[in-house]
Amino acid sequence: MLTGIHFLLSYKCDLECDHCFVYSGPQAAGTFTLHQLKKIFNELDKIGTIEWVYFEGGEPFLFYPLMCEGIKIARDMGFKTGIVTNAYWATSQEDAELWLKPLRDLGLSDVSISDDAFHYEDKEASPAKHALTAAIKLGMPCGPICIDKPTAEEGVDKERVKGKPVIRGGAMFRGRAVEKLIESLPRRPWQEFTECPYEDLRNPKRVHLDAYGNIHICQGLSMGNMWDTPLSEIVKHYDADSHPICEPLVNGGPARLVREYNVPHEDEYVDACHLCYLTRRALIDRFPQYLAPRAIYGL
Ligand code: SF4
């Protein structure tokens, strides 16, 4: 049962973090129009099971008026609302309150703020700290998102690791993280990755929507395009066993995806997502409707 909708309001971001799994950055373009947002909210009503609506990106505060209007519509429809931001706008605590007060007045239920070394070197006086302090002062439910540079657990053989993943830090090895963060990490044979460890692909509880119409079950793995077929119809008819990418993933993980389409591969990968992401990227021209947008694959 789908209960959460996350708008990727844009892939545009003022920062370009190494661990970003949607390849956001200043060069990324595009956002939703208000008309498109309203059209989607109409579809959420038809789905009938949605409880939460989040606005994230990219950096959603780059589109502040649109974000506020989306939160207002969501609130008026009875949804709980949240945002995910890097808080670039919080130049001081006092200024942060200026940005947050209108959201508090709209009844925002969650403010998640990226607060780690990928975003800010000075952790004590960072915009994230200003924003968190301001949100607490305003009585807004809030919390930090902290991701560290990935490292192997102490004592792990860097050449060959068996069993469960042993990478610390919380980064997901998809998107730019695959390009920037994996070099010195231990790897395991590709045949070991026989399940998706993070997403419930058969029965997703939340999806991410982007302005190109993609309905992401995982970043870059789409149910279909909501500008071609109404969102409520795609959600209603979604069946992992009929989806050309999800079917192998739910029935044997990334290793099965490799075998299903006979995709050329290396001998070892850091984790299941690393293998999954690169295998999907190799299949992008074959399944453009389901593996999109290309920019998430660095293409
Ligand atoms: S990248 Fe693949 S294995 Fe990792 S969470 Fe997404 S669908 Fe699952």
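Residues take numbers from 1 onward in each chain, read along the sequence in its written order. Confidence filtering applies because this is a predicted model: local features only for residues at pLDDT of at least 70, side-chain atom pairs given and counted only at 80 or more, and all residues used for totals across whole chains, interfaces and linings. The side-chain numbers reported here are obtained from all heavy atoms of the structure, hydrogens and water having been left aside.

Visitor: With reference to specific residues and values, describe the overall build of the protein chain.
Guide: Each helix is a run of H or I in the DSSP string that is no shorter than four residues. Each strand is a run of E no shorter than two, and both are numbered from the N terminus. From N to C terminus, the protein chain includes nine helices and twelve strands. For 299 residues, the compact-globule formula gives about 19 Å, and the C-alpha radius of gyration of the protein chain, at 20 Å, lands near that figure. Dimensions of the protein chain, computed from C-alpha atoms along their principal axes, come out at roughly 55 × 45 × 30 Å. Contacts were defined at the residue level, with two residues in contact if any of their heavy atoms lie within 4.5 Å. Put simply, of all contacts in the protein chain between residues at least 6 apart along the chain, 70% involve residues at least 24 apart. Summed over its atoms, the accessible surface of the protein chain is roughly 13,600 Å², and 50% of this surface lies on carbon and sulfur atoms. Our radius of gyration looks at C-alpha atoms and nothing else; its globule reference is 2.2 Å times the residue count to the power 0.38. The Shrake-Rupley method, run with a 1.4 Å probe, gives the accessible areas here. Residue values count only the displayed protein chains as cover.

Visitor: Summarise the sheet that holds strand 2 (residues 52-56); cite the residues concerned and give the values.
Guide: Two strands are said to pair when DSSP picks up at least two bridges between them. Read from one edge of the open sheet, eight strands run 5-4-3-2-1-9-10-11, paired in mixed fashion. Bordering the open sheet on either side are strand 5 (142-145) and strand 11 (221-225), each of which pairs with just one other strand. This sheet shows a mean twist of 25° between the axes of neighbouring strands, independent of strand direction. As paired strands, strand 2 and strand 3 (residues 80-85) are joined by four bridges and run parallel to one another. Opposite Val 53, over in strand 3, you have Thr 81 as the bridge partner. Across the sheet, helix 2 (residues 64-76) is in contact with strand 2 and strand 3; its angle to strand 3 comes to roughly 155°. Under this scheme, a helix contributes an axis fitted over its contacting stretch, all axes are lines through C-alpha atoms, and angles between N-to-C directions fall in the 0 to 180 degree range.

Visitor: Can you break down the packing of aromatic side chains residue by residue, with the values?
Guide: Geometry of aromatic contacts follows a simple scheme: Phe, Tyr and Trp rings, the Trp one being its six-membered ring, pair when their centres are within 6.5 Å, and the pair is stacked under 30 degrees between planes, edge-to-face over 60, tilted otherwise. Going through the model one piece at a time under the given rule, you end up with 15 aromatic pairs. Aromatic pair Phe 61 and Trp 99: ring centres 6.0 Å apart, planes at 40°, arrangement tilted. You can see Phe 61 sitting in the loop between strand 2 and helix 2 and its partner Trp 99 sitting in helix 3 (residues 93-105), a full 38 residues away along the chain. Only protein chains enter the accessibility calculation, which uses a 1.4 Å probe; a residue whose area is less than 20% of its type maximum is buried, one above 50% is exposed, and one in between is partly exposed. On the basis of relative accessibility, which here comes to 2%, the residue Phe 61 falls in the buried class. Judged by relative accessible area, Trp 99 falls into the partly exposed class, the value being 26%. Seen from their ring centres, Tyr 64 and Trp 99 are 5.1 Å apart, and the 80° between their planes marks the pair as edge-to-face. Of the two residues, Tyr 64 is situated in helix 2 and Trp 99 in helix 3; the sequence distance between them amounts to 35 residues. The exposure class of Tyr 64 is buried, given its relative accessible area of 18%. Joined through ring pairs, the aromatic side chains of Phe 7, Phe 32, Phe 41, Phe 55, Phe 79 and Trp 227 make up one cluster. Taking the ring centre of Phe 21 as reference, the NZ or CZ of Arg 174 above it sits at 5.7 Å. Charge over a ring is defined by NZ of Lys or CZ of Arg lying within 6 Å of the ring centre and within 35 degrees of the ring normal.

Visitor: Tell me what's going on with helix 9 (residues 272-282), and back it up with residues and numbers.
Guide: The periodicity of an α-helix, 3.6 residues per turn, causes residues three or four places apart in sequence to face the same way. For helix 9, the buried fraction is high: eight of the eleven residues fall into the buried class. Residues Ala 272, Cys 273, His 274, Leu 275, Cys 276, Tyr 277, Thr 279 and Arg 280 constitute the buried set of helix 9. Buried-residue contacts for helix 9 involve helix 5 (176-180), strand 10 (214-218), strand 11, helix 7 (246-250), helix 8 (253-261) and strand 12 (268-269). Definition of a polar contact: a pair of N or O atoms within 3.5 Å, with one able to donate and the other able to accept a hydrogen when the atoms are protein atoms, and with sequence-neighbouring residues admitted only if both atoms are side-chain atoms. Capping of helix 9 at its N-terminal end is provided by Asp 271; its side-chain oxygen lies 3.2 Å from the backbone amide nitrogen of Cys 273.

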